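# Breakdown of the fold
For reference, the chains in residue letters:
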Amino acid sequence: MFSQLRRAAVVVATGVLLSGAALHGGAQAAPTTTDEAPSAQLATLREAASTSGKFIGTAVADHRLSDATYSGIAAREFSSVTAENVMKWESIQPQRGSFNWAGPDRLMQFAQANDQQVYGHTLVWHSQMPGWLANGNFGATEMNQIMNTHISTVMGRYQGQINRWDVVNEAFNEDGTLRNSKWLQVLGPDYIANAFRAARAADPDAKLFINDYNTDGINAKSTGLYNLVRDLRAQGVPIDGVGFQSHLILDQLPSDYQANLQRFADLGVEVVVTELDIRMRMPSDAAKLERQSQQFARVVQACLNVSRCSGVTVWGFSDRDSWVPGTFPGEGAALPYDDNYQPKPAYNGILTAFGGDPGGGDPGPGPGPGADCTAAYQVANRWNAGSVVDVRVTARQALNGWTVTFTLPTGESVTSHWNTQLTQSGTTVTARNVAHNAAIPAGGTLNFGFQTNSGAVYSAPVVSLNGTACAAATG
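Conventions used here
Residues numbered from 1 in each chain as written. Predicted model: local features only at pLDDT ≥ 70, side-chain atom pairs only at ≥ 80, totals over all residues. Heavy atoms only, no water. Helix = DSSP H or I, 4+ residues; strand = E, 2+ residues; numbered from the N terminus. Contact = heavy atoms within 4.5 Å. Areas by Shrake-Rupley, 256 points an atom, 1.4 Å probe, with all protein chains shown as cover. UniProt positions renumbered as here; feature names shortened; annotations may be inferred. Buried < 20%, exposed > 50% of the residue type's maximum accessible area, 1.4 Å probe, protein only. Polar contact = N/O pair within 3.5 Å; in protein donor to acceptor, adjacent residues only side chain to side chain. Salt bridge = Lys/Arg side-chain N within 4 Å of Asp/Glu carboxyl O. 1 Å grid on protein atoms, 1.4 Å probe; cavity = no way out; pocket = protein on both sides within 12 Å on 5 of 7 lines; lining within 4 Å. Points joined across faces, edges and corners; volume = space filled by probe spheres on them. Nonpolar A, V, L, I, M, F, W, Y, C, P; charged D, E, K, R; others polar. Axes fitted to C-alpha atoms, helices over the stretch in contact; angles between N-to-C directions. Parallel < 35°, antiparallel > 145°, perpendicular 65-115°, else oblique. Left-handed = near helix turned anticlockwise from the far one by under 90°. Disulfide = S-S within 2.5 Å. Pairing = 2+ DSSP bridges. Right-handed = clockwise from strand over helix to strand, strands pointing away. Phe/Tyr/Trp six-rings, centres within 6.5 Å; stacked < 30°, edge-to-face > 60°.

When its secondary structure is counted, the chain shows 14 helices and 22 strands. For the chain, the proportion of contacts with a sequence separation of at least 24, taken over those separated by at least 6, is 78%. Carbon and sulfur atoms provide 47% of the accessible area of the chain, an area that totals close to 18200 Å².

Structure, rendered in structure tokens:
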């Protein structure tokens, strides 16, 4: 269905620019020519998911957004983003009545810039509570007021901008009883209904979810959750959806996963896979990665088969940023990209389940950086107050439109550029094709250049093509 570029690596050729002035004279890229026509629109996870009317999401780590490779993948591949931590209570209201909006606002701006939905996470949870709340001695009236004020303030700030909210998170024990959290101890079981009513008042248009883990198959915990959702909806409590975290273990995907989603959907609620990852005992190997790919595909297919399942969110996309190794010693490799931001077989499993085309060939563990293309970054001319840089990128697969990103040293600013549309945000530079060099045939080379305000000497940065880090050219 789709053609796509995967595992791109960047090559910078050794061509030398003679002077900034000469290059400003209109020099153009001269792609290598072959008999192959350029590919159609590149396939991404979000493109494939959109054909089925579903979203594909990822949790976003705020501290990684300044990394061009990370943010490039997050923007290109996902149609929904969830705050990994910055919307949790300890981050957003660290002191009573004092709200920290910096991280949440960055996520909102990122999503708006990339035409993405936002999934709010999370409003009422027993964990990651700030000390003043966890250790405070509050009566029921004050505790309820604290909860309602938090919900109305946070949701009110982003009213109309966040599509779905995890209103109550992880409220159950494994046996299906309510967790003995501070919320339950002080407010009793009605805290759940009260939280949803407060959330509806704060943003009538947002879809309101209850979210939990180990509820993926039909078991005591998921049945306790099912009974609660059924009963509260019968009482008119505005629960719109149920989130299934799906922090899974390789080869332990419940056989009744789809049936479980369906029974909740039959209550009339939306269902979402909210925090998917599939961890394994380390080290990983080709066989484990292939089974993992198949199991990611099965989760996606289950969502596709349940009409009220609106999408799937992976809890981060790269093993480099995964929470798993720090929580489960000896386990890892839980996500669709590896530590070097290269797609793993799991990426193809998700893509093909949504109907996308991985570009042919054996998905396998996948080659490392540089197998599909290579890149070179050449400072062609340098003087006290400036430098001229030439960037050349050779891709094994055809491109129809490209984005190249890299990081400059602090204080180094681009003053002019050619053969590209180029922007700079802080130290991150983003270069995009112009009309005449958008189509690059398989094996072809794109090139562009720019001038900076400094003659500082620095090591060549890692260059990324379409969000994927590339190997440096040699020789």
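Time to look at the UniProt feature "active site" (unreviewed entry) in the chain. When the UniProt feature table is mapped to this numbering, "active site" (unreviewed entry) covers Glu275. Within the fold, Glu275 resides in strand E8 (residues 270-281). Here Glu275 falls in the buried class, since its relative accessible area comes to 5%. Residues in contact with Glu275, not counting those within four places in the same chain, are His121, Asn211, Phe244, Gln245, Ser246, His247, Thr313 and Trp315. Among the polar contacts listed, one links the side chain of Glu275 to the side chain of His247, at a separation of 2.8 Å.

The next subject is the pattern of salt bridges. Going through the model one piece at a time under the given rule, you end up with 16 salt bridges. Arg64 is paired through a salt bridge with Asp321; the nearest N and O atoms lie 3.2 Å apart. Here Asp321 lies in the loop between strand E9 (309-314) and helix H13 (324-327) and Arg64 lies in the loop between strand E1 (55-60) and helix H3 (68-77), a separation of 257 residues in the sequence. Of the residues examined, Asp321 reaches a relative accessible area of 22% and is grouped as partly exposed. With its nearest N and O atoms 2.8 Å apart, the salt bridge here joins Glu142 to Arg96. Highlighted residues: Glu142 in helix H7 (residues 140-157) and Arg96 in the loop between helix H4 (89-92) and helix H5 (102-113), separated in sequence by 46 residues.

The computed volume of the largest pocket comes to approximately 1000 Å³. Lining the largest pocket are 32 residues, with Ser71, Gly72, Ala75, Asn114 and Arg432 sitting closest to its centre. Every element with two or more residues in the lining of the largest pocket is listed here: helix H2 (45-50), H3, H5, strand E14 (403-407), strand E16 (421-425) and strand E17 (428-432). Here the element with the most residues in the lining of the largest pocket is H3; it accounts for 5 residues. Residue composition of the lining of the largest pocket, by class: 7 nonpolar, 19 polar and 6 charged. Considered as a void within the structure, the second largest pocket measures approximately 290 Å³ in volume. Around the second largest pocket, the lining is made up of 17 residues, and of these Asn214, Asp216, His247, Leu248 and Ile249 lie nearest the centre.

Moving on to empty space enclosed by the protein. Counting across every chain of the model gives 4 cavities of 30 Å³ or more. Reported here for the second largest cavity is a volume of approximately 60 Å³. Around the second largest cavity, the lining residues are Ala59, Val60, Ala61, Tyr70, Glu84, Trp315, Gly316, Phe317, Ser318 and Asp321.

With that settled, consider the packing of helix H12 (residues 286-305) against helix H14 (residues 345-353). Their axes nearest at 7 Å, the elements H12 and H14 cross at an angle of 25 degrees. Judged on the interaxial angle alone, H14 and H12 are roughly parallel. Where H12 crosses over H14, the handedness of that crossing is right-handed. Here Leu289, Glu290, Gln292, Ser293, Phe296, Ala297, Val300, Gln301 and Leu304 of H12 lie close against H14, whose contacting residues are Pro345, Ala346, Gly349, Ile350 and Ala353. Considered class by class, the residues forming the contact of H12 with H14 number 9 nonpolar, 4 polar and 1 charged.

Now for the state of the cysteines. Within this structure, the stated rule accounts for 1 disulfide. Each sulfur in the disulfide pair Cys303 and Cys309 lies 2.1 Å from the other. Disulfide Cys303-Cys309: torsion about the S-S bond near -100 degrees, hence left-handed. Accessibility assignment for this pair places Cys303 and Cys309 in one class, buried.

Another point: the pairing of strand E5 (residues 207-212). In terms of residue burial, E5 counts as a mostly covered element, since 5 of its 6 residues are buried. In this structure, strand E4 (residues 164-169) lies alongside E5, joined through 5 bridges in parallel fashion. The partner of Asn169 across the bridge, within E5, is Asn211. The pairing of E5 with strand E6 (residues 241-244) spans 4 bridges and is classified as parallel. Pairing of Ile210 across the sheet is with Val242, part of E6. In this view, the connection linking E5 to its parallel neighbour E6 by way of helix H10 (residues 220-234) has right-handed handedness.

In this model, His121 is joined to Thr122 through a cis peptide bond whose omega is 0 degrees. A cis amide bond links Met282 with the next residue in sequence, Pro283, at an omega value of 5 degrees. Its location among the elements puts Pro283 in the loop between E8 and H12. A positive phi angle, near 55 degrees, is found at Asn214, a position not held by glycine. Within the secondary structure, Asn214 sits in the loop between E5 and H10. By relative accessible area, which is 34% here, Asn214 ends up partly exposed.

With that settled, consider the packing of aromatic side chains. What the rule picks out here adds up to 18 aromatic pairs. Here Phe317 and Tyr337 contribute two aromatic rings whose centre-to-centre distance is 5.7 Å and whose plane-to-plane angle is 75 degrees, an arrangement assigned as edge-to-face. Linking Phe317 in the loop between E9 and H13 with Tyr337 in the loop between strand E10 (331-332) and H14, this pair joins segments that are 20 residues apart in sequence. Taking the relative accessible area as the measure of exposure, Phe317 reaches 2% and is therefore buried. Exposure remark for Tyr337: the relative accessible area of 0% places this residue in the buried category. An angle of 55 degrees between the planes, with centres 6.3 Å apart, marks the rings of Tyr377 and Phe450 as tilted. Of this pair, Tyr377 sits in strand E11 (residues 373-383) while Phe450 sits in strand E19 (residues 445-452), and the two are 73 residues apart along the sequence. Neither residue differs from the other here; Tyr377 and Phe450 are each classed as buried.

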